[in-house]
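So you can see what is in the structure, the chains are spelled out below.
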Amino acid sequence: RESRTDSSSPFLPGSGDFLTIGMKLPYYHVDVFANEVFKGNPAGVCLLEGDWLPDEVMQAMAAEHNLSETAFVLQKGEWFGLRWFTPAVEVDLCGHATIATAHVLFNEVQYGAHEIRFDTLSGEVGVSRSRGQLVLDFPSRPPKDFEPPSNLDQVLGSVAVERLASRDYFIVFPSEEVVRALQPDFSAMQEWDCLGVIVTAPGDDPEVDFVSRFFAPRAGIDEDPATGSAHCTLIPYWANRRGKINLRGLQISARGGEFFCRDSGERVRIGGNAKTYLRGEITLG
């Protein structure tokens, strides 16, 4: 991946050395993939200057916030470095926290470009503004055949009709009703060799192409409310199954999430909405 070394930033002029007494960082809490607060998936967004905080500090901050992800963003010239932490681990890709970060840059920092490009553990990703939505440009991760754990159906609580995998296990069930009713054994799931488990089925509503849920107990999140990265796998699967490139998906967690999707070959486009819930300041040191 190309190295970007310009670390100029408008966020924290004169903040000084890391973890000095009273170090202050702008912080936002944003609800994503929903049109209103208390819906979708909440993400923390922390704006940095100059360089990353030590990894252990960012991980401790994410644990303190106890949201499914906290994003840390660092401006590098015309680019932004972006990292994502759950309460337990750093992850390689996160959709809702990327949209939350773009929402903060566009609406709180007043970043004027039409599109923002991020340098991440998964390479270059972007967010653009389109018809009032924020649209992710993410890599496509089609699911493939794999040898599932022998206890997969037992742990999930129902018999799957397809068992595939990409970064995450990708498990297909016959109906939305079955997906809604799943009550997995999260303790047993922690023994599986995957970051998370996507469960999915066709939507009951004719205007909904697919529904999903996402479980990630190994990342410290039993059930994630609305998961952008899972749609890197959901979109190519359902585009092929539905025979169309534009899709609408719902994540049927307790908070819910709505996704407007497009299959673009090696990339996927994932559109959603975001609402700022909180503006604040973190004091470290």
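J.: I'd like a rundown of the packing of aromatic side chains, residues and numbers included.
T.: Inspection of every chain in the model, using the stated rule, returns eleven aromatic pairs. Relative to Y277, the ring of F38 has its centre 5.6 Å away and its plane inclined at 65°; by these criteria the two rings are edge-to-face. With F38 in the loop between strand 1 (23-32) and strand 2 (41-48) and Y277 in strand 18 (residues 274-284), this pair connects stretches of sequence that are 239 residues apart. On the basis of relative accessibility, which here comes to 55%, the residue F38 falls in the exposed class. Judged by relative accessible area, Y277 falls into the partly exposed class, the value being 43%. With centroids separated by 5.7 Å and ring planes inclined at 65°, the aromatic side chains of F186 and F215 adopt a geometry described as edge-to-face. Within this pair, whereas F186 is found in helix 5 (residues 186-189), its partner F215 is found in strand 13 (residues 210-216), the two being separated by 29 residues in sequence.

J.: Summarise unusual backbone geometry; cite the residues concerned and give the values.
T.: The phi torsion at F33 lies on the positive side, around 65°, for a residue other than glycine. Of note, F33 is situated in the loop between strand 1 and strand 2. A positive phi angle, near 60°, is found at N66, a position not held by glycine. Inspection of the secondary structure assignment puts N66 in the loop between helix 1 (55-65) and strand 3 (69-76).

J.: How would you explain the environment of I198 if you had to name every residue and give the values?
T.: Its location among the elements puts I198 in strand 12 (residues 197-202). When the C-alpha atoms of I198 and H65 are compared, they prove to be 24 Å apart, with 133 residues separating the residues in sequence. Sequence-distant contacts of I198, that is, excluding residues within four places in its chain, are made with D168, Y169, F170, I171, R213, F214, A230, T233 and L234.

J.: So what's going on with the pattern of salt bridges? Residues and values would help.
T.: One pass over the full model with this rule turns up 18 salt bridges. Between E124 and R117 there is a salt bridge, with the nearest N and O atoms lying 2.6 Å from each other. Given a relative accessible area of 16%, R117 falls into the buried group. Put simply, E258 and R248 hold a salt bridge, and the shortest N to O gap is 2.8 Å. Of this pair, E258 sits in strand 16 (residues 257-264) while R248 sits in strand 15 (residues 246-251), and the two are ten residues apart along the sequence. Here E258 falls in the partly exposed class, since its relative accessible area comes to 22%. Among the charged side chains, a salt-bridge network with shared partners connects E115, R117, E124, D137, R267 and R269.

Thresholds applied
- Residues numbered from 1 in each chain as written.
- Predicted model: local features only at pLDDT ≥ 70, side-chain atom pairs only at ≥ 80, totals over all residues.
- Heavy atoms only, no water.
- Phe/Tyr/Trp six-rings, centres within 6.5 Å; stacked < 30°, edge-to-face > 60°.
- Helix = DSSP H or I, 4+ residues; strand = E, 2+ residues; numbered from the N terminus.
- Buried < 20%, exposed > 50% of the residue type's maximum accessible area, 1.4 Å probe, protein only.
- Contact = heavy atoms within 4.5 Å.
- Salt bridge = Lys/Arg side-chain N within 4 Å of Asp/Glu carboxyl O.

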